[in-house]
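Residues per chain, in single letters:
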Amino acid sequence: MPIVPPLIVTAIDLTMSLFVLVLSLFVMRQNPERKINRIFGVTIFFFASWIICSSLSDITGFQGSIFWALWFARAAIVGPFIFCALFVYFTYFFPKETHELTRWKVFALFLVPVIGVALFPTDYNVASVTLESYGTGFDPGFLYLVLLICLLLYFGFGTYRLIRASRRAKTYHEKAQIFYVVVAAVSFVALGIATNIIFPLYGIDWLSVFGPSLAMFIFGTLTSYAIVKHHLLEVWVVVRMGTIFAIVFAVIGFIYVGGVSLLDQFIGGTASLLLTSFLVVLTFEPLKRFVEKNTDKIFFSQHYRIDDVLDEVTHSTHRLGLDLEKILENFNGLVRRYFKVDRSVTAVLTPRGTFLVTAGTASGEGGFELAVDNPLVEFLTVNQAMVINRDEITEELGEGAVVEKQAERIALLPGAYETLVRYDFTLAIPIALAGKLIAISFIGPKKSNDFYTHQDLQLLDHLAGELGVLINNARLYNDLKKLDEAKSNFISVVSHQLRTPLSAIRWTTELLLGGSVDKNSEEEFLEDTYRNSLFMIYQLDDMLTALDIEDRQIQLKFEQCSVREMIDEVLTDNDSLIKAKKLNIAVSLSPDATTIVADPGKMRKIFEILLRNSIMYAPAEGGTVEAAVRPKSDGDRRLIEISITDNGIGVAPEEQPHMFEKFFRGEEAKKASPNGFGLGLFIVQAFAQAHGGSAHFESAGRGKGARFYVMLPVYGKEK
């Protein structure tokens, strides 16, 4: 005989069923786009239906309705039949939403359960029921034997699949999730078979009343623990809020009942109810915050509160201002603290197009740089709204299989995965602004080996958006500072470079006008004045040309140009300096390159800058300058190669990357000619590129001369 009154057992069964049904609803609503959540919810629904039908059979039996007792007793078998098939179906999607199910496999999987359900109203299921002291007893048919076989086969096969999945699991929490699902399934099967099949076959019907309660209790306990502790199906947020509001309403209920009872002794009537209600309204919000804070500390210490994260982001934004380094360090420190990770860095787009993580961060990370053609960078450039999650990429990368459906057609993701593995990061979060990728946030695994939940990824994506705005603002501020500094430097350089020749012109002019110069020195003074005037004209012309280049106002007029004439004109203009330094000048023109199609003014400027530099920096007494023009080819492309060579000051290795930059001059060049803006080679490169060509140079080092090249298409740039 049962030791617990049957009505109490029935009430417990119904309460447990309601709890499980609510849990399944929360699971489906928490993340409805995930198929695994939907399957789990349906599976639990049929689990609970078994308990409910068994309880209703007992209730109607106690009320004397044998018909309904028989009907619910027969209906109780539907839940286990469908539940066992859904359990196997569930294992194909858990813990990863990848499966190899075909329609025929699904048909075979549900064939026997569907036939069993179709036979549930017949005597093959339950022939008759009798009213017993513990509830309703029943006479089972052969369908229960079929159910026993189904339970053993289906749950055995499903458990085997879960064990295989556990061996492939990458994280501790993933293994723990599978473990608790397996334990819950085995407990359900063991209790269900023992209390509803084996014992009734031997005439011990009354033990069946304990089966549903025990199975539901074990299942509910294990599932709730797995949800809270190991993020099973990512519904811990629902459990957390449910716990908080349950405690809040319990306390509010206690305050309300206690307040009414206490005030009723002194005031009584409606006044006590109104005062108590007013007290509840005033205390609800602060009580909720107090309970929420302490509940998190006690039960959910491993989780963060979104409000805390967002509040800190807001306050730190105003505190840090527009210092980019402090902004990045604050963001990564916040991620490390709230998400409990050891490693979090941000790779920021550099002016040369790479993404750089500087060394020496607070997390102890070394620096690294990703080129624009890195697969991860290429992938995020195209998919700026997608987070690359290393845990969500399947192990079958050789077949290009990935979890994210959006990426199934993109072959770059395996390469992106390899980049994450190389630097040992779990997440790569794109930070984009106005359609341009400006940074990438790299976050390592959690200290607990837990995976990143749906809420984690949503919050990190929001924080990345905020960081993108801060990075852009800091960059704009730095650009303005640099622009202001560049303006000041430019004014300083121009003032310095032009003051010297202007002072010389003024001094010689005053001497000439004052009549204090003898006739023999007048010509020398006039030559100095003329030379300084030419220098100023050249420098001002270079400045105006550089401004046109910056404004993209280079306009080309293509004509037939005589290379020999342009070289001779430049050599004639510099004849006095050539003679003074006693330079050896050599000009070599290929018969196929005596004329070119180009803009004559721009080409003369190129020859003027390159030849003048070589003449200026070549050594006196033994200096040589060679100018050569010859045809070249680059595949099917026909080119003209212009080369200017000297044996002068050369270019030091550390200076070579900067030779074509604006306002750059090497140290030896400054010594050889203190005056100059450093715009010549910048102009040469811009004019060459405008013609569809290029400019480069070679130098063995300081004091070993240099050779500058300009490559131009034979017929000029297409117009």
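Every value quoted in this text rests on a predicted model; they were computed, and no experiment measured them.

Colleague: I would appreciate a short explanation of the sheet that holds strand β14 (residues 694-698) in the present structure.
Modeller: The pairing of strands in a sheet happens through backbone hydrogen bonds and is either parallel or antiparallel. An order of β10-β12-β13-β15-β14 is seen for the 5 strands of this open sheet, with the pairing classed as mixed. Both outer strands of the open sheet, β10 (584-589) and β14, are each paired with one neighbouring strand and no more. Across the sheet, the axes of successive neighbouring strands diverge by a mean angle of 20 degrees, strand direction being ignored. Direction of pairing for strand β13 (residues 637-646) relative to strand β15 (residues 706-713): antiparallel, over a ladder of 8 bridges.

Colleague: Before we go on, may I ask you to explain the pattern of salt bridges in this structure?
Modeller: If the charged atoms of two oppositely charged side chains come close together, the side chains can form a pair. Tallying each qualifying case throughout the model produces 18 salt bridges. In this structure, Glu 608 engages Lys 605 in a salt bridge whose closest nitrogen and oxygen atoms are separated by 3.5 Å. Linking Glu 608 with Lys 605, this pair stays in helix α19 (residues 600-617), spanning 3 residues, or about one helical turn. For Arg 630, the salt bridge is made with Glu 641, and the minimal N-O distance between the two is 3.2 Å. Of the two residues, Arg 630 sits in strand β12 (residues 624-634) while Glu 641 sits in strand β13, which places them 11 residues apart along the sequence.

Colleague: Looking at this structure, how should I read the sheet that holds strand β4 (residues 355-357)?
Modeller: With antiparallel pairing, the 6 strands of this open sheet are ordered in space as β5-β4-β3-β8-β7-β6. On the outer flanks of this sheet lie β5 (368-370) and β6 (388-389), each paired with one strand and no other. Note that strand β3 (residues 344-349) and strand β8 (residues 436-443) share 5 bridges and pair antiparallel. Across the sheet, residue Val 348 finds its bridge partner in β8, namely Ala 439.

Colleague: Explain α19 to me, please; I cannot follow it from the model alone.
Modeller: Compared with an ideal rise of 1.5 Å per residue, which puts 18 residues at 26 Å, α19 spans 26 Å between its outermost C-alpha atoms and is within 8% of the ideal. Among the residues of α19, the N-terminal cap falls to Asp 599, whose side-chain oxygen and the backbone nitrogen of Gly 601 are separated by 3.0 Å.

Colleague: Looking at this structure, I do not really get a nonpolar patch on the surface. What am I missing?
Modeller: Residues Trp 104, Phe 107, Leu 111, Val 112 and Ile 115 make up a contiguous nonpolar surface patch of roughly 540 Å² in combined accessible area. Its location among the elements puts Ile 115 in helix α5 (residues 103-118). Look at Ile 115 and you get partly exposed, because its relative accessible area is 47%.

Colleague: How do you make sense of the side chain of Lys 605 when you look at a structure like this?
Modeller: The exposure class of Lys 605 is buried, given its relative accessible area of 7%. Those residues in contact with Lys 605, other than ones at most four positions away along the chain, are Asp 541, Asp 542, Ile 683 and Phe 687.

Colleague: It is not clear to me how the environment of Ala 76 should be interpreted in this structure. Could you clarify?
Modeller: Summarising the element assignment, Ala 76 is placed in the loop between α3 (66-75) and α4 (78-91). Overall, Ala 76 belongs to the buried group, its relative accessible area being 7%. A sequence separation of 22 residues divides Ala 76 from Ser 54, and the C-alpha atoms of the two residues are 5.7 Å apart. Excluding residues within four positions of it along the chain, Ala 76 makes contact with Trp 50, Cys 53 and Ser 54.

Colleague: Explain the pairing of β12 here, please?
Modeller: Successive side chains on a regular strand alternate, one facing one side of the sheet and the next facing the other. The pairing of β10 with β12 spans 6 bridges and is parallel. Considered in β12, the bridge of Ala 586 is made with Glu 626. Bridge analysis of β12 against β13 gives 10 bridges, and the strand direction is antiparallel. The residue bridging Arg 630 from the neighbouring strand is Glu 641, located in β13.

Colleague: Can you help me understand the environment of Pro 375 in this one?
Modeller: Note on placement: Pro 375 falls in helix α13 (residues 375-382). A sequence separation of 44 residues divides Pro 375 from Thr 419, and the C-alpha atoms of the two residues are 7.9 Å apart.

Colleague: I tried to follow unusual backbone geometry on my own but got confused; where do I start?
Modeller: In terms of backbone geometry, most residues other than glycine have negative phi values and most peptide bonds are trans. Although it is not a glycine, Asp 424 adopts a positive phi angle of roughly 60 degrees. Tracing the backbone shows Asp 424 in the loop between α14 (413-423) and β7 (427-433). In this model, Ala 434 sits at a positive phi of 55 degrees, which is unusual for a non-glycine residue.

Colleague: Explanation requested: the confidence of the model for the protein chain in the structure shown.
Modeller: Low pLDDT means the predicted atomic positions in that stretch should not be read closely. Mean pLDDT over the protein chain stands at 75; residues scoring 70 or higher make up 68%. Here residues 360-364 scores under 50 on pLDDT; set against residues more than four positions off or in separate chains, the count is 9 contacts. In this model residues 394-410 is a low-confidence stretch, pLDDT under 50, and it forms 22 contacts with partners more than four residues away in sequence or in other chains.

Colleague: Help me understand the state of the cysteines in this model?
Modeller: Throughout this description, disulfide means a covalent bond between two cysteine sulfur atoms. What the rule picks out here adds up to 0 disulfides. With no disulfide of its own, Cys 84 lies 5.3 Å from the sulfur of Cys 150, the closest cysteine sulfur. Of the residues examined, Cys 84 reaches a relative accessible area of 0% and is grouped as buried.

Colleague: Help me out: how do you make sense of the packing of helix α17 (residues 563-573) against α19 in this one?
Modeller: For any two helices packed against each other, the geometry is given by the interaxial angle and the distance between the axes. Between α17 and α19, the least distance of the axes is 9 Å, while the angle of their chain directions is 45 degrees. In terms of their interaxial angle, α17 and α19 are classed as oblique. As α17 packs across α19, the resulting crossing turns out to be right-handed. Between α17 and α19, the contacting residues are Val 563, Met 566, Ile 567, Glu 569, Val 570, Leu 571 and Asp 573 on the first element and Pro 600, Met 603, Arg 604, Phe 607, Glu 608, Leu 611 and Ile 615 on the second. Residue classes in the contact of α17 with α19 are distributed as 10 nonpolar, no polar and 4 charged.

Rules of the game
- Residues numbered from 1 in each chain as written.
- Predicted model: local features only at pLDDT ≥ 70, side-chain atom pairs only at ≥ 80, totals over all residues.
- Heavy atoms only, no water.
- Pairing = 2+ DSSP bridges.
- Helix = DSSP H or I, 4+ residues; strand = E, 2+ residues; numbered from the N terminus.
- Axes fitted to C-alpha atoms, helices over the stretch in contact; angles between N-to-C directions.
- Salt bridge = Lys/Arg side-chain N within 4 Å of Asp/Glu carboxyl O.
- Expected span 1.5 Å × (residues − 1).
- Polar contact = N/O pair within 3.5 Å; in protein donor to acceptor, adjacent residues only side chain to side chain.
- Patch = residues over 30% accessible without salt bridge, like charges linked within 9 Å, V, L, I, M, F, W, Y side chains within 5 Å.
- Areas by Shrake-Rupley, 256 points an atom, 1.4 Å probe, with all protein chains shown as cover.
- Buried < 20%, exposed > 50% of the residue type's maximum accessible area, 1.4 Å probe, protein only.
- Contact = heavy atoms within 4.5 Å.
- pLDDT = per-residue confidence, 0-100.
- Disulfide = S-S within 2.5 Å.
- Parallel < 35°, antiparallel > 145°, perpendicular 65-115°, else oblique.
- Left-handed = near helix turned anticlockwise from the far one by under 90°.
- Nonpolar A, V, L, I, M, F, W, Y, C, P; charged D, E, K, R; others polar.

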